[in-house]
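# Notes for the structure review
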Amino acid sequence: MNTPEFTNLEQAAVLARELDQADPLGGWRERFHIPRDDRGGEQAYFCGNSLGLQPKATRAALEADLNMWAEQAVEGHFAGPHPWMPAHEFLREPLARLVGAKPHEVVAMNSLTVNLHLMMVSFYRPEGVRRKILIEAGAFPSDRHATWSQVIFHGGDPEHDLIELAPDPDSGLLDDRRVIEAIEAHAGELALVLLPGVQYRTGQLFDIAGITATARRHGVPIGWDLAHAAGNVPLRLHEWDCDFAAWCHYKYCNSGPGAVAGCFVHERHGRVTDLRKLPRFAGWWGHDAGSRFRMGPEFHATPGADAWQLSNPPILALTPVRVATEMFAEAGMDALREKSEKMTGFLEAMVRRLLAEHVQIITPADPARRGCQLSLRITHPEHSGREVFEYLTGQGIVGDWREPDVIRVAPVPMYSRYDDCLRLVRALMDSL
Ligand SMILES: *Cc1c(COP(=O)(O)O)cnc(C)c1O
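Not measured: the values here are computed from a predicted model.

## Describing the overall build of the protein
When its secondary structure is counted, the protein shows 14 helices and 13 strands. Taken over C-alpha atoms, the radius of gyration comes to 23 Å for the protein, in line with the 22 Å a tight globule of 432 residues would show. In the protein, buried positions account for 56% of the 432 residues. Within the protein, contacts between residues separated by at least 24 positions form 70% of all contacts whose residues are at least 6 apart in sequence. Computed over 44 positive and 57 negative side-chain charges, the inter-centroid distance for the protein is 3 Å.

As structure tokens, then:
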């Protein structure tokens, strides 16, 4: 990573201006609504890891749906450029590009935790001595609740059957090497590995390829929660050979609060349409599309990830996902990642050079081991992290707070500026 040259805030400010002017993706910001702060200026928004900003194109796309419903009602299933009947199909290509999958390996449906459960119905099949699920200690609560309740649902005891891998107490990070060793050590008793692509609290990006390869070598099904990875880092789910993955679209994918989530099922499973060989919960939208409306009693699974759909999708929730994921396809994940590494690197360099005494960065320093988010811990003897966080908020600088002591800030390459990073560092310096 080329670390830009500067030794004080004035030089950093000059650099920020130059970087923004030379930014090939700078124009994308115009395509988003940027929230305003109390003084009427634009916020420095670092919370895209929690709720991505609204693309301006979303409103018109939603109005088109509402107009269609008002004017043509049931005909809307077949009329217009985006008829509702095949609505999920319009998302296939952009979603496949977003996560590095084949189009028939992805589907937009439900919400994230629901998809994790549906995936575990198929891929957590405890048998004999292989009954355990490996997760990380400190997992996002919903992921722990989901795995914990799946163990109980299958008649197991989470005390024994949920292995929670603790991070290193000093760094707070969980080394890829340790995950791989744990899978190797427990392989004989594991029925599933479920891990996050990017850890929500620390911002650590796991070696998805290496960990997946280890699990696969030992015949252990592996799934990934990509809530903080989708739209943040380039993914190659097909090539990496993951069994399944699930993610939400309201964070880095800019699809709006509670947006319809995404799901990946590798084609080697999608090919299996016999539910006795690969169990799943079935509903009519997972039925073979060609014969769905013959309304017969028998279930014939459609090939691919589509077969895991239960219901016809909520159109008004799906449309923002289409708009936003098409933007990712247009901008290109590689170009976004290039800017992301540069911008997060710039923010990191400023924190290390100008704030090292009072601000610690928990997120790995190696760009290959993180996305755009940096997790900061305030180490000032007199000012608490919470105090600093509230000062930032008052200045129109929006990150978020994660108990007990972490300020998360995510410069998002599609709409953040180097100048936003400068504003953040200036405010941190003022507050400390
Ligand atoms: C954001 C997030 C969730 C949220 O789950 P929903 O089902 O979308 O409410 C779950 N897991 C992780 C790891 C997350 O980051």
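## Re empty space enclosed by the protein
Tallying each qualifying case throughout the model produces 4 cavities of 30 Å³ or more. Approximately 70 Å³ is the volume attributed to the largest cavity. Every residue lining the largest cavity is listed: Asp65, His82, Pro83, Trp84, Ala87, Phe90, Leu91, Ile315, Leu318, Thr319 and Arg322. Among the elements that make up the lining of the largest cavity, the one with the highest residue count is helix α11 (residues 315–331) (4 residues). Broken down by class, the residue content of the lining of the largest cavity amounts to 7 nonpolar, 2 polar and 2 charged. The calculated volume of the second largest cavity comes to roughly 40 Å³. Lining the second largest cavity, in full, are Gly231, Tyr252, Phe328, Leu336, Val412, Pro413 and Met414. Of the residues in the lining of the second largest cavity, the class split is 6 nonpolar, 1 polar and no charged. Looking at which domains feed residues into the lining of the second largest cavity, each of domain 1 (9–55 + 333–431) and domain 2 (86–330) supplies at least three.

## Considerations on the domain arrangement of the protein
Interface size is often expressed as the accessible area that is lost when the parts come together. Domain assignment breaks the protein into domain 1 (9–55 + 333–431) and domain 2 (86–330). Relative to domain 2, the C-alpha centre of domain 1 lies at a distance of 29 Å. Counting residues at the interface gives 33 residues for domain 1, matched by 27 residues for domain 2. Buried surface at the junction of domain 1 and domain 2, both sides included, amounts to about 2,500 Å², of which 56% is carbon and sulfur. In this structure, the connection of domain 1 to domain 2 is made through 2 salt bridges.

About the cut-offs
- Residue positions are counted from 1 within each chain, in the order its sequence is given.
- This being a predicted model, a pLDDT of at least 70 is required before a residue's local features are given, and a value of 80 or more before pairs of side-chain atoms are given or counted; all residues contribute to the totals for chains, interfaces and linings.
- Excluded from the side-chain calculations are hydrogens and water; all other atoms, namely the structure's heavy atoms, are used.
- Only DSSP runs of H or I with at least four residues qualify as helices, and only runs of E with at least two residues qualify as strands; both kinds are numbered from the N terminus onward.
- Our radius of gyration is a C-alpha quantity, and the globule rule it is checked against amounts to 2.2 Å times the number of residues to the power 0.38.
- Think of it in three bands: residues with accessible area under 20% of the maximum for their type are buried, residues over 50% are exposed, and the middle band is partly exposed, with areas taken using a 1.4 Å probe on protein chains only.
- Only heavy atoms matter for contacts: two residues are in contact if any of them lie within 4.5 Å across the pair.
- Here the positive residues are Lys and Arg and the negative ones are Asp and Glu; neither His nor the chain ends is included.
- Think of each charge as sitting on NZ of Lys, CZ of Arg, CG of Asp or CD of Glu.
- Residues are said to line a cavity or pocket when one of their atoms sits within 4 Å of a point; the points come from a 1 Å grid over protein atoms alone, cavities being sets where a 1.4 Å probe fits but cannot get out and pockets being open sets with protein on both sides within 12 Å along at least five of seven lines.
- Grid points are joined across faces, edges and corners, and a volume is the space filled by probe spheres set on the points.
- All amino acids are sorted into three groups, where Ala, Val, Leu, Ile, Met, Phe, Trp, Tyr, Cys and Pro are nonpolar, Asp, Glu, Lys and Arg are charged, and the leftover types, Gly among them, are polar.
- The split of the chain into domains comes from an automatic or database domain assignment.
- Put simply, buried area is the surface a 1.4 Å probe can reach on two separate parts but cannot reach once they are joined, added for both.
- Salt bridges are defined by distance alone: a side-chain nitrogen of Lys or Arg within 4 Å of a carboxyl oxygen of Asp or Glu.

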